[in-house]
Amino acid sequence: MTDFSQTRALFHIPEGVTYLDGNSLGPMPRTAAARAKAVIEAEWGERLIRGWNDAGWYVQPRRVGDRIARLIGAGAGEVVMGDTLTVKVFQAVSAALRLAREGRRVILSDSGNFPSDLYAADGLARAVGAELRVVEPEAVEGAIGDDLAVLMLTEVDYRTGRRHDMAALTRRAHEAGALTVWDLAHSAGAVDVDLTGANADFAVGCTYKYLNGGPGAPAFIWTHPRHADAAQPILQGWMGHDAPFAFDLDYRPAGGIERMRVGTPPVIGMAVLDTALDAFDGVDMAAIRARSIELTQRFIAGVEAACPEVTLNSPREPAGRGSQVSFRHPEAYAVMQALIARGVIGDFRAPDVLRFGFTPLYIGEAEVDHAVAVLREVLEGREWDRPEYRSRNAVT
Ligand SMILES: *Cc1c(COP(=O)(O)O)cnc(C)c1O
C-alpha cells in the first residue's frame, strides 16, 4: 500500500493554498533547491567542463528517461529526455511519417488536442506535403482509414479530462496500416499508462505537470523498440549522432532512442526533475490511479450536490477520464479568480471551463472537501461578481 501522507511531506505547498493545478505545474519538491544548488556549486562550479563525464551530465537524459519509463509502461533504455514537448511532438510525428507506408500522407488528430501539438503537426505537414486532419474526439475511431499515415493523439484531454482508449485506438490504427504517436502530457504520473501493453509506436510527454519537474523541465520521448533503430529523426542534432565527439560532417544517427536527442540537455533543470521523481519511488501507478479515481469521484459528487450553478464538463465514468475534472460556468474566468483569491488554485480554460487537477501524491479528501466548500461559497455569495475578478489582464 502506498502511503500518500509520506509522499505529501515531500512537497512544499504554500500556507493557505489548496493546490488543484498540479496538472499545469506541479509543486516544488522540498529537495529541489538543495539539488539545484549542488549542481550549480559542486558540479558546475567545481567540476567545470569535467562535469559532463564525472558528474554524469552526458548520460543524464537516458538515466532520467529510465526513471520515467517505469511510470509509463516502457522498458529501460527506451526513453530519452530533452527539449520541450512541442519539439518532441514534432520529432515523433516526423519520424512516424518517414516510417509510414508508401504514399500515406495523412496525420489524424482531434480537436480536443492541445493546440501546440496541432501547430507542430500542421507546420510539419506543410513542410513535407502531408495533410493534418482534425476531427472531434468521438469521431477519431471512425476517421481511421486506409489513407492514414500517423494517428497523433493526446491520451487525456487538457480541458475535459476525457481519456482515449490507447490500446483500442492503437489496434485500429495498426489494422489500417498506420502508426501511432501518443502525447502523455496529462497522463504521465497521473494515470496507469501501459505503452508496451498498448503496443504503441511513439510517445512523448512533459515533466512539469504531474511529474513535478518545475517550470521548463525537459520533455521525454519514447520509441517502441521495434522502431528504435529504424526511426529517422528529421531534427538531426549532434547529440543524437552515433559519434558526437568525432564531429563528422555527415549525420549518422545513434543506435536506439539516443538518436532522438538533439543538443545540449538542460542539466540544471534535469537534476531538479531527477530529485522530483524520487516522490514516485516505491509508488505503484495503479495505486495512484485508484486514489485519483476516489478523489475525482468525491469532487464530482460534492460539487454536484452543492453547486447547481455549474455543469460537469468531464466524462462521468472514471474509466473515460484522466486525473482532472472540469465544470462549466458562464463566468468561469471570474469564478476562478475568486477561488484563487481564497487560496483554491485551479485553472480557467477558455471560454467557460473551471478545471481542477487531482494529484494523490499531495492531495487528499480534506483538500477535495475544502475546495467544494469554497466553490459553493463563491457561487452562492456571487463572490466572483467583482470588477477585479472579471477584468482579464492576467496571464493564465
Ligand atoms: C502542456 C502541453 C504541451 C506544452 O508543450 P511545451 O512545448 O512543453 O510548452 C504540449 N502538448 C500538450 C498535450 C500539453 O498538455
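Residues numbered from 1 in each chain as written. Predicted model: local features only at pLDDT ≥ 70, side-chain atom pairs only at ≥ 80, totals over all residues. Heavy atoms only, no water.

Novice: I tried to follow the overall build of the protein on my own but got confused; where do I start?
Specialist: The secondary structure content of the protein amounts to 15 helices and 15 strands. Scaling as 2.2 N^0.38, a compact globule of 396 residues should have a C-alpha radius of gyration of about 21 Å, and the protein matches this with 22 Å. Here the C-alpha coordinates of the protein stretch approximately 70 × 55 × 45 Å along the principal axes. Relative to its full complement of 396 residues, the protein shows a buried share of 57%. Restricting the contact set of the protein to residue pairs at least 6 apart, pairs at least 24 apart contribute 72%. Counting every atom, the protein has about 16400 Å² of accessible surface; 54% of that belongs to carbon and sulfur. Computed over 41 positive and 52 negative side-chain charges, the separation of the two mean positions in the protein equals 1 Å. (Helix = DSSP H or I, 4+ residues; strand = E, 2+ residues; numbered from the N terminus. Rg over C-alpha atoms; globule rule 2.2 N^0.38 Å. Buried < 20%, exposed > 50% of the residue type's maximum accessible area, 1.4 Å probe, protein only. Contact = heavy atoms within 4.5 Å. Areas by Shrake-Rupley, 256 points an atom, 1.4 Å probe, with all protein chains shown as cover. Lys, Arg positive; Asp, Glu negative; His and termini not counted. Charge placed at Lys NZ, Arg CZ, Asp CG, Glu CD.)

Novice: Before we go on, may I ask you to explain the packing of helix H13 (residues 332-341) against helix H14 (residues 365-380) in this structure?
Specialist: Helix packing geometry: the angle between the two helix axes and the distance between the axes. The N-to-C vectors of H13 and H14 enclose an angle of 125 degrees; their axes lie 10 Å apart at closest approach. When the axes of H13 and H14 are compared, the pair comes out oblique. For the element pair H13 and H14, the recorded crossing hand is right-handed. Two secondary-structure elements touch here, H13 through Val335, Ala338 and Leu339 and H14 through Val374, Leu375, Val378 and Leu379. Looking at the contact of H13 with H14 residue by residue, the class counts come to seven nonpolar, no polar and no charged. (Axes fitted to C-alpha atoms, helices over the stretch in contact; angles between N-to-C directions. Parallel < 35°, antiparallel > 145°, perpendicular 65-115°, else oblique. Left-handed = near helix turned anticlockwise from the far one by under 90°. Nonpolar A, V, L, I, M, F, W, Y, C, P; charged D, E, K, R; others polar.)

Novice: Even after reading the chapter, I still don't get the sheet that holds strand E14 (residues 347-349), so can you show me in this structure?
Specialist: Strand pairing in a sheet relies on backbone hydrogen bonds, with the paired strands running either antiparallel or parallel. Strand order in the open sheet made by the four strands is E11-E12-E15-E14, with antiparallel pairing throughout. Strand pairing shows two members of the sheet lacking a second neighbour, strand E11 (311-312) and E14, which therefore form its edges. Sheet topology note: the E14/strand E15 (residues 353-357) ladder contains three bridges and is antiparallel. Along E15, the bridge assignment pairs aspartate 347 with arginine 355. Sitting on the sheet, helix H12 (residues 285-306) is in contact with E11, strand E12 (324-328) and E15, with an inclination near 20 degrees to E12. Running over the sheet, H13 touches E14 and E15 and is turned about 40 degrees from E15. (Pairing = 2+ DSSP bridges.)

Novice: Would you mind showing me how to read the packing of helix H5 (residues 85-99) against helix H6 (residues 115-128) here?
Specialist: Remark: H5 packs on H6, axes separated minimally by 9 Å, with the N-to-C direction vectors making an angle of 40 degrees. With respect to H6, the axis of H5 lies oblique. Here H5 and H6 pass one another in a crossing that is right-handed. Across the interface between the two elements, Thr86, Val89, Phe90, Val93, Ser94 and Leu97 of H5 pack against Ser116, Asp117, Ala120, Leu124 and Val128 of H6.

Without other data, these values stay purely geometric and don't point to any function.
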